[in-house]
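Secondary and tertiary structure notes
Spelled out, the chains give:
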Amino acid sequence: RKMGVNYGLNKVRFTAPVPPGAMIRGRFTLAKFEKLEGGVQTTWNVTVEREGGDKPVMVPETISRHYF
């Protein structure tokens, strides 16, 4: 890979607050893989959770481009 680019976000939802100092984790699931001229574009569904929370704190869809 020669270069990777954070291409943007879609459908970002902030569903709960995150208190200062809280531990968080992200879970990534590949939603789409598309070929581009000179590279690929990936779309990921992400779920960000906080320790001890009963629901996710953020649910975005991220898009990245990777060039070879």
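Residues numbered from 1 in each chain as written. Predicted model: local features only at pLDDT ≥ 70, side-chain atom pairs only at ≥ 80, totals over all residues. Heavy atoms only, no water.

Bringing the pattern of salt bridges into the picture now. Throughout the structure, instances matching the rule amount to 2 salt bridges. Ionic pairing is found between Arg 27 and Glu 49, a salt bridge with its closest N-O pair at 3.1 Å. On the criterion of sequence distance, the pair formed by Arg 27 in strand β2 (residues 24-36) and Glu 49 in strand β3 (residues 39-50) is long-range, its members being 22 residues apart. You can call Arg 27 partly exposed: its relative accessible area is 47%. Via salt bridges that share partners, Arg 25, Arg 27 and Glu 49 belong to a single interconnected network. (Salt bridge = Lys/Arg side-chain N within 4 Å of Asp/Glu carboxyl O. Helix = DSSP H or I, 4+ residues; strand = E, 2+ residues; numbered from the N terminus. Buried < 20%, exposed > 50% of the residue type's maximum accessible area, 1.4 Å probe, protein only.)

Side chains of Met 3, Val 5 and Tyr 7 sit close together on the surface and give an oily, nonpolar patch of about 280 Å² of accessible area. Turning to its location among the elements, Tyr 7 is positioned in strand β1 (residues 3-14). By relative accessible area, which is 48% here, Tyr 7 ends up partly exposed. (Patch = residues over 30% accessible without salt bridge, like charges linked within 9 Å, V, L, I, M, F, W, Y side chains within 5 Å. Areas by Shrake-Rupley, 256 points an atom, 1.4 Å probe, with all protein chains shown as cover.)

Before going further, it helps to examine the sheet that holds β2. Strand order in this open sheet of 4 strands is β1-β4-β3-β2, and the pairing throughout is antiparallel. The open sheet has two free edges, formed respectively by β1 and β2, since each of these has just one partner strand. For this sheet, the mean angle separating the axes of adjacent strands, direction not counted, is 20 degrees. Bridging between β1 and strand β4 (residues 58-67) involves 9 bridges; their strand directions are antiparallel. Counterpart to Gly 8 in the pairing with β4 is Ile 63. (Pairing = 2+ DSSP bridges. Axes fitted to C-alpha atoms, helices over the stretch in contact; angles between N-to-C directions.)

By themselves, these are just geometric observations and shouldn't be taken as functional.
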